[in-house]
Amino acid sequence: MEESGATIEEKVKIVDYCLKSAPIGELKDVYGDLAKLVGEDVMGEEKIQEAITLYREAHFSQLLLGEEDLTVMTAAGRADPEQCGIYVDPNLKKVFRLVDPLKGQTELVGDYENPLEDAAEQLRARLQAKLEEYLNSTYVEETASGVVYGRSDPESDGVLYEIFFSCPNANLKNFWTGEWRSTWNFTVLPGKIQVHGSVHTDVHYFEEGNVQFKQKKEFDHEFDFDPASMDIFAAALIEFIRECEKKVQQNISEFYGQLPDYFFKSMRRKLPVTGNRFDWNVNYHKMVDTLHQ
């Protein structure tokens, strides 16, 4: 009895998973390979386009807005929290639409009317300025970008601030890609502020193989907050983020240093297929060649 092929719905589900799992810098390549496997009719499904949009949100995609402005696309920047596709940029004061998810093409929709009160917007702007100073001094020039959002938090009657930044790096000709993503949030209430954050790192090596390293590290810290000292708080928060990311970097360096002895060593065959240890003495092999002549 001939087996029936996968249905459109099943193909869409598989493609959706593969696209959302694509390493940074390889989305278009993964899309092209999938299109060859399932056909362009499946790739044109609305759910597939939505999967690419959600992928860009999750990776804080840096997109060109207009002819020269750069913007950052995140789920927190949605104009409508329940619907992806239209976003706000609180720095450019613009609303934009993602018109081509795969190519990352955008178009302006209109101006963004900031709902924050003056004092809340001042804190957001100062955090944005300190964040940009940090990115410019820490990451390779023009590789990292970030955004600070602020909005009312109905659960606490305070103002919720969210910080997103990323640094993608792809070198496909040398068979590796990588990404560093950082997320931080807190709600401003009288007295103390509880900050929660996480740092994600993704690395993909695919020269004659397929190795991916993924890491997520979370952090929490409590700050005293005085509305009259916004600059001090903004500087202290960014310095805290710097120290947290430094710890992550140190852990990664230690991990990579242990790879040869602990990880790769366990993957190697302890003995050749002959069951005998290989003799590295050059003279021994020269003698064998001489005997065979």
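Residues numbered from 1 in each chain as written. Predicted model: local features only at pLDDT ≥ 70, side-chain atom pairs only at ≥ 80, totals over all residues. Heavy atoms only, no water.

A closer look at the packing of aromatic side chains
Each pair of aromatic rings is reported with the distance of its centres and the angle of its planes.
Step number 1: What the rule picks out here adds up to 16 aromatic pairs.
Step number 2: Between F223 and F233, the ring centres sit 5.7 Å apart and the planes meet at 90°, which makes this aromatic pair edge-to-face. With F223 in strand β11 (residues 211-225) and F233 in helix α6 (residues 230-267), this pair connects stretches of sequence that are ten residues apart.
Step number 3: An aromatic cluster of three or more residues is present, and its members are Y161, W184, F186, F219, F223, F225, F233 and F240. (Phe/Tyr/Trp six-rings, centres within 6.5 Å; stacked < 30°, edge-to-face > 60°. Helix = DSSP H or I, 4+ residues; strand = E, 2+ residues; numbered from the N terminus.)

With respect to the sheet that holds strand β5 (residues 94-100)
Step number 1: One open sheet holds the four strands; their spatial order is β3-β4-β5-β6, and the pairing between them is antiparallel. The sheet terminates laterally at β3 (78-80) and β6 (105-111), the two strands that pair on one side only. This sheet shows a mean twist of 45° between the axes of neighbouring strands, independent of strand direction.
Step number 2: Sheet topology note: the β5/β6 ladder contains six bridges and is antiparallel. Bridge pairing links D100 to Q105 in β6. (Pairing = 2+ DSSP bridges. Axes fitted to C-alpha atoms, helices over the stretch in contact; angles between N-to-C directions.)

Points about the nonpolar core
Step number 1: One finds F165, W184, F186 and L237 to be the most contacted residues of the largest nonpolar core, which totals 34 residues.
Step number 2: If you tally residues by element for this core, the top one is α6, at ten residues.
Step number 3: Once you skip the residues sitting within four places of it in the chain, F186 turns out to touch L127, V159, L160, Y161, I193, Q194, V195, F233 and L237.
Step number 4: Core analysis: the second largest hydrophobic core is formed by 17 residues, L19, A22, L27 and M43 among them. (Core = buried A, V, L, I, M, F, W, Y, C linked by side-chain atoms within 4.5 Å. Buried < 20%, exposed > 50% of the residue type's maximum accessible area, 1.4 Å probe, protein only. Contact = heavy atoms within 4.5 Å.)

With respect to the pattern of salt bridges
Step number 1: Throughout the structure, instances matching the rule amount to 14 salt bridges.
Step number 2: With a closest N to O distance of 3.3 Å, R242 and E239 form a salt bridge. A residue pair is termed a helical-turn pair when its members lie 3 or 4 positions apart in one helix, as R242 and E239 do in helix α6 at three residues.
Step number 3: Note on R242: relative accessible area 28%, which makes it partly exposed.
Step number 4: Beyond isolated ion pairs, a larger network of salt bridges with shared partners links E179, R181, D202 and K214. (Salt bridge = Lys/Arg side-chain N within 4 Å of Asp/Glu carboxyl O.)

Describing the pairing of strand β10 (residues 191-205)
Step number 1: One ladder, built from ten bridges, connects strand β9 (residues 176-188) with β10; its direction is antiparallel. Bridge assignment links R181 to a residue of β10, and that residue is H200.
Step number 2: Hairpin connection between β9 and β10: a loop of two residues separates the two successive antiparallel strands.
Step number 3: Here β10 runs beside β11; their pairing, made up of 15 bridges, is antiparallel. Bridged to K192 within β11 is D224.
Step number 4: Turn length for the β10-β11 hairpin, with the two strands adjacent in sequence and antiparallel, is five residues, and the turn residue E208 shows positive phi of about 55°.

Thoughts on the confidence of the model for the protein chain
Step number 1: Averaged over the protein chain, the pLDDT score is 89; the fraction of residues at 70 or greater is 90%.
Step number 2: For the protein chain, the element scoring lowest by mean pLDDT is helix α7 (residues 282-292), at 68; β5 scores highest, at 96. (pLDDT = per-residue confidence, 0-100.)

Overview of the side chain of E162
Step number 1: With respect to the element layout, E162 can be found in strand β8 (residues 158-171).
Step number 2: Setting aside residues no more than four positions away along its own chain, E162 makes contact with A76, V147, V148, Y149, R151, W184 and N185.

Considerations on the packing of helix α1 (residues 8-20) against helix α4 (residues 46-58)
Step number 1: Contact pair α1 / α4: the axes reach a minimum separation of 9 Å and the direction vectors enclose 15°. Of the possible angle classes, the one that applies to α1 and α4 is roughly parallel. In the packing of α1 onto α4, the handedness of the crossing is right-handed. Contacts from V12, V15, D16, L19 and K20 in α1 reach K47, I48, A51, I52, L54 and Y55 in α4.
Step number 2: Residues that form the contact of α1 with α4 fall into these classes: eight nonpolar, no polar and three charged. (Parallel < 35°, antiparallel > 145°, perpendicular 65-115°, else oblique. Left-handed = near helix turned anticlockwise from the far one by under 90°. Nonpolar A, V, L, I, M, F, W, Y, C, P; charged D, E, K, R; others polar.)

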